[in-house]
Amino acid sequence: MANNSSIAPALLPEGLRVYAIGDVHGCSTMLAALHRLIAKDAAARPAVRMVLLHLGDYVDRGPDSAAVIARLLGPSPVAGMECVSLLGNHDAMMRDALAPGASEAIVQGWLANGGDATLRSYGISARDRGGWGKIPEPHRHFLANRPLIWSAGGYAFVHAGLRPGLPLGDQTEQDLLWIREPFLAARPEALPMVVVHGHTPSPKAEILRHRIGIDTGAVYGGNLTCLILEGGCYRLLSVPSPG
């Protein structure tokens, strides 16, 4: 589904179009369908530069986290389109749980937040710690090397949000991956840019003066949403849950 263009709260440089996708959480079939919609949109509306931006939380809770990471490691759904995949808090939990010497608290924290579903997608039992080595090295490398933030024009793209009152350079990984309040209730003047984020689910995309939330609860039976930004306008694409 695509909506008509509406006025966006900030501007992107001329010639740049950004496709930003919210939290996937192992919903690989929905991600594949949304990538197809993006490819169709890009073919119908050529642009000088196109960037496909995923806002993190590729793993946990959903049916096939392994397939999601494999897709993100594969070719762009559109030839020549730049792809950027940011780190989410669930991706960071998996990264940390798989690290050599990870504490039992870190491991159990990941499993309690959907890591067991991620392991099943690799054909591994959460109880079989020795089997965790079956997770492919390229997938581990992917998790360990995700950027935290990407910005263009008047927008900052992050997984969770920004700490109000701090410039971009002073934001911590903890806040970029986990913050809700005081970010969600921040006044527009407290943020250095318009923030495009996921992390906090809502029934539909939240388009506000100072932030745009696009986690629309794909793993909970909602939609997987893509925000399209170009110039001073935005559009939305979405794929409904198959359930």
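Residues numbered from 1 in each chain as written. Predicted model: local features only at pLDDT ≥ 70, side-chain atom pairs only at ≥ 80, totals over all residues. Heavy atoms only, no water.

## Overview of the pattern of salt bridges
If you walk through the whole model with that rule in mind, you get 10 salt bridges. Put simply, Arg 95 and Glu 173 hold a salt bridge, and the shortest N to O gap is 3.2 Å. Of this pair, Arg 95 sits in helix 3 (residues 89–98) while Glu 173 is found in helix 6 (residues 173–178), placing the two residues 78 residues apart along the sequence. Classification of Arg 95 by relative accessible area gives partly exposed; the value is 23%. Exposure remark for Glu 173: the relative accessible area of 34% places this residue in the partly exposed category. Notably, a salt bridge pairs Arg 163 with Asp 175, separated by 2.9 Å at the nearest N-O pair. (Salt bridge = Lys/Arg side-chain N within 4 Å of Asp/Glu carboxyl O. Helix = DSSP H or I, 4+ residues; strand = E, 2+ residues; numbered from the N terminus. Buried < 20%, exposed > 50% of the residue type's maximum accessible area, 1.4 Å probe, protein only.)

## Points about helix 4 (residues 104–121)
Taking 1.5 Å per residue, 18 residues should reach 26 Å; helix 4 reaches only 22 Å between its end C-alpha atoms and comes up short. Along helix 4, the sharpest change in direction is near 85 degrees and occurs at Gly 114. When we look at burial in helix 4, the residues that qualify are Val 107, Trp 110, Leu 111, Gly 114, Gly 115, Ala 117, Thr 118 and Leu 119. Lining the buried residues of helix 4 we find helix 2 (65–73) and helix 3. Looking one or two residues past helix 4, Gly 123 carries a phi angle of roughly 75 degrees, positive in sign. (Expected span 1.5 Å × (residues − 1). Bend = angle between axes of the 7 residues up to and from the residue. Contact = heavy atoms within 4.5 Å.)

## Section: the packing of aromatic side chains
Inspection of the entire model under this criterion finds 4 aromatic pairs. Here Trp 110 and Trp 132 contribute two aromatic rings whose centre-to-centre distance is 5.7 Å and whose plane-to-plane angle is 90 degrees, an arrangement assigned as edge-to-face. Of this pair, Trp 110 sits in helix 4 while Trp 132 sits in the loop between helix 4 and helix 5 (137–144), and the two are 22 residues apart along the sequence. Trp 132 sits in the buried class, given a relative accessible area of 6%. Consider the rings of Trp 150 and Phe 157, whose centres lie 5.5 Å apart with planes at 55 degrees: the pair is tilted. For the residue pair Trp 150 and Phe 157, the accessibility class agrees, reading buried in each case. Through a chain of ring-to-ring contacts, three or more aromatic side chains come together here, namely Trp 150, Tyr 155 and Phe 157. (Phe/Tyr/Trp six-rings, centres within 6.5 Å; stacked < 30°, edge-to-face > 60°.)

## Re the sheet that holds strand 3 (residues 49–54)
Reading across from one edge, 1-11-10-2-3-4 is the order of the 6 strands in this open sheet, with mixed pairing throughout. The sheet is open, and its two edges are formed by strand 1 (6–7) and strand 4 (82–85), each paired on a single side. Contacts between helix 1 (residues 28–44) and the sheet are confined to strand 2 (16–21), strand 3, strand 10 (223–230) and strand 11 (233–240), with strand 11 contributing the most and set at about 140 degrees to the helix. (Pairing = 2+ DSSP bridges. Axes fitted to C-alpha atoms, helices over the stretch in contact; angles between N-to-C directions.)

None of this, on its own, says anything about what the molecule does.
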